[in-house]
There are 2 protein chains.
Amino acid sequence: MKISELSDQTGVSIATLKFYLREGLLRPGTLTAPNQADYGESHVRRARLVRALREVAHLSIAQIAAITGALDRGEELYDVMGVTVDSLGERPAAFTPAQEAAAAEVDRLLATLGLPAREESLARQQLVVSFEAVREMLFPGLPVEALVPYARAAEDVVRAEVAATPGIFSVDPEQVLERAVLGLTLFEPILLAFRRLTHEKLVVDHLEGTAPPEAGPD
Amino acid sequence: MKISELSDQTGVSIATLKFYLREGLLRPGTLTAPNQADYGESHVRRARLVRALREVAHLSIAQIAAITGALDRGEELYDVMGVTVDSLGERPAAFTPAQEAAAAEVDRLLATLGLPAREESLARQQLVVSFEAVREMLFPGLPVEALVPYARAAEDVVRAEVAATPGIFSVDPEQVLERAVLGLTLFEPILLAFRRLTHEKLVVDHLEGTAPPEAGPD
DNA sequence: GGATATTGGACAGTGACACTATCCGATAGT
DNA sequence: ACTATCGGATAGTGTCACTGTCCAATATCC
């Protein structure tokens, strides 16, 4: 398969495919001549993966490069997941004192929840930054325990995901990693969309006089 | 308060504040002279809101402008929430046929869940796009019902949020809207971070041979 | 076998984005 | 009086994700 066919099958323009090749998101095809390369099914899957990561999960090229790099280096599932989780987060930047304090509390919570908390985990970092922002702007003095419902909700969806994919760990190993990456990223927008819609519904309900029980008579 | 003080109190550079003024994210201060303006507490809050939306929620200036615009126009909570929910989503772009089909199913699901599904809702759009991507790349033929756990999880967290903020609808009306926007956006990264950490834990557990049963004793 | 199209690869250019810098004449503070 | 800072307008910067152009070397069609 040459690049024009790869382009046809994936809907990605040749110019963009070349760009991905340059950036290392796509492995070079096997050269059959100085100016003739051959691409296979794995290239098609990879190109689609990159597009999904760009358009659905909104990752940057650099973030995707980190993931495909781990994939191409043949790393273990654990490492690929770690890299992917980190790719979804943001650049470090040192914590402010307030964030340091929040970090300590967050770590404590994560420990009681039995969640991993690699020091450099960007998910942990994101948790700290957001939690601190919430405390500063929305609920001063909010205890970390207030985050437990979010952890529970996350646990519930992950449990549902596992239940829905019984064979996940026993499929073609070449594709397990890709699928894990896709599963991790593609469902994020779904979860957020439902939360947003639920918030909207909440307001609608309120305006219709169906004030939630807890809330005052306003 | 003049612009330099506003800058000091918010940590936003004068150049950036001027940029926000130009873009309409920040209302102009009251002029006391052709080149002297006075800013107040609401400007401090607004500048902080903009920063939180940029740095924590990762919204673009255009998305933030849509939100602050609704805020400044004095729109009702319902409209502000709608605008905010939409700001969190992405550009429309016409649906592909496959997405149209997915949209019909998603709408059916939303109806049974009692969630609002404004045709132009970007949350709905995001749901459709992501669901279709999942079906195309991960689980061909996946029924929409598979999304129910996500809706349930979202409902759970929103319920917890409402329970945690009893007086939400009966506070200073000027700030209710700002707080609603912050609540909607600031907790998103938290929910996602927990899901990512839970996925990581899942893999660790698996590697240790502790294949997750239905519900662990935890 | 000769004309035309396409290829892989290198490199320059583009448009959007979020600032950042510079300049201006007017005013504030000392 | 004189320096610093002001608001406002305009231009410039760096990054990002492509996109376009050029090249000599094939491939393809007649």
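Quick caveat: nothing in here was measured; it's all calculated off a predicted structure.

**Student:** Hey, could you go over the interface of chain A and chain B for me, with residue numbers and the actual values?
**Tutor:** Facing the 81 residues of chain A at the interface are 82 residues of chain B. Overall, the association of chain A and chain B removes approximately 8100 Å² of surface from exposure, summing both partners, and the carbon and sulfur fraction of that is 75%. Looking at the side of chain A facing chain B, the largest losses of area belong to A:Tyr150, A:Phe194 and A:Arg196, adding up to 10% of the total buried there. For the pair chain A and chain B, the number of links is six salt bridges.

**Student:** How would you explain the nonpolar core if you had to name every residue and give the values?
**Tutor:** Judged by nonpolar contacts, the single largest core of 129 residues is most densely connected at A:Leu147, A:Phe194, B:Leu147 and B:Phe194. Setting aside anything within four residues of it in sequence, one finds A:Leu147 in contact with A:Leu109, A:Phe131, B:Phe187, B:Ile190 and B:Phe194.

**Student:** Could you give an account of the confidence of the model for chain A, with specific residues and numbers?
**Tutor:** Residues and elements named next belong to chain A. The share of residues in chain A with pLDDT of 70 or more is 94%, and the mean pLDDT across the chain is 89. Between the elements of chain A, mean pLDDT differs from a low of 88, seen in helix 5 (residues 77-88), to a high of 96, seen in helix 2 (residues 14-23). Note on residues 210-218: pLDDT under 50 across the span, and 11 contacts to partners over four residues away in sequence or across chains.

**Student:** Can you tell me about the relation of the copies chain A and chain B, naming the residues and giving the values?
**Tutor:** Its rotation angle being 180 degrees, the transformation that places chain A on chain B also includes 0.0 Å of axial translation and leaves an RMSD of 0.1 Å. One copy is carried onto the other by what is essentially a two-fold rotation axis. If distances are taken from each C-alpha of chain A to the rotation axis, the shortest is found for A:Ala153, at 2.5 Å. By residue overlap, the copies meet face to face through one surface: 98% of the interface positions of chain A are interface positions in chain B.

**Student:** Kindly report on the protein's contact with DNA strand C, identifying the contributing residues and their values.
**Tutor:** Lining the immediate environment of DNA strand C, one finds 23 residues, of which A:Ile3, A:Ser4, B:Arg22, B:Pro34 and B:Asn35 sit closest. When atoms of DNA strand C within 4 Å of the protein are sorted by moiety, sugar and phosphate together comprise 65%. A distance of 3.3 Å separates a phosphate oxygen of DNA strand C from a polar side-chain atom of B:Thr16. When contributions to the surface near DNA strand C are tallied by element, the ones reaching two or more residues are helix 1 (3-10), helix 2 and strand 2 (36-38) of chain A together with helix 2 (14-23) and helix 3 (41-55) of chain B. Counting residues per element, the surface near DNA strand C draws most heavily on helix 2 of chain B, at five residues.

**Student:** Lay out the pairing of strand 1 (residues 30-33) of chain A in plain terms, naming residues and giving numbers.
**Tutor:** As paired strands, strand 1 of chain A and strand 2 of chain A are joined by three bridges and run antiparallel to one another. Bridge assignment links A:Leu31 to a residue of strand 2 of chain A, and that residue is A:Ala37.

**Student:** Go over helix 7 (residues 122-137) of chain B with me, naming the residues and quoting the values.
**Tutor:** All names here are of chain B. End to end, helix 7 covers 22 Å across 16 residues, agreeing with the expected 22 Å (1.5 Å per residue, within 8%). Among the 16 residues of helix 7, 14 are classified as buried, and the element is accordingly described as predominantly covered. Where helix 7 starts, the residue carrying a side-chain oxygen 3.3 Å from the main-chain nitrogen of Ala 123 turns out to be Ser 121.

**Student:** Got a sec to walk through the pattern of salt bridges? Specific residues and values, please.
**Tutor:** Counting across every chain of the model gives 32 salt bridges over all chains. In this structure, the salt-bridge partner of A:Arg27 is A:Asp72, at a minimum N-O distance of 3.5 Å. Of the two residues, A:Arg27 is situated in the loop between helix 2 and strand 1 and A:Asp72 in helix 4 (residues 61-72); the sequence distance between them amounts to 45 residues. A relative accessible area of 46% means that A:Arg27 is categorised as partly exposed. A:Asp72 gets classed as partly exposed once you look at its relative accessible area, which sits at 25%. A salt bridge links A:Arg51 to A:Glu55; the shortest N-O distance between them is 2.5 Å. Taken together, the positions of A:Arg51 and A:Glu55, both in helix 3 (residues 41-55) and four residues apart, correspond to about one turn of that helix. A cluster of three or more residues bridged by salt bridges with shared partners is formed by A:Asp86, A:Arg118, A:Glu120 and B:Glu200.

Cut-offs and rules
- Residues numbered from 1 in each chain as written.
- Chains lettered and ligands numbered in written order.
- Predicted model: local features only at pLDDT ≥ 70, side-chain atom pairs only at ≥ 80, totals over all residues.
- Heavy atoms only, no water.
- Contact = heavy atoms within 4.5 Å.
- Buried area = accessible area lost by both parts, 1.4 Å probe.
- Salt bridge = Lys/Arg side-chain N within 4 Å of Asp/Glu carboxyl O.
- Core = buried A, V, L, I, M, F, W, Y, C linked by side-chain atoms within 4.5 Å.
- Buried < 20%, exposed > 50% of the residue type's maximum accessible area, 1.4 Å probe, protein only.
- pLDDT = per-residue confidence, 0-100.
- Helix = DSSP H or I, 4+ residues; strand = E, 2+ residues; numbered from the N terminus.
- Least-squares fit on C-alpha atoms with pLDDT ≥ 70 in both.
- Near = heavy atom within 4 Å.
- Polar contact = N/O pair within 3.5 Å; in protein donor to acceptor, adjacent residues only side chain to side chain.
- Pairing = 2+ DSSP bridges.
- Expected span 1.5 Å × (residues − 1).

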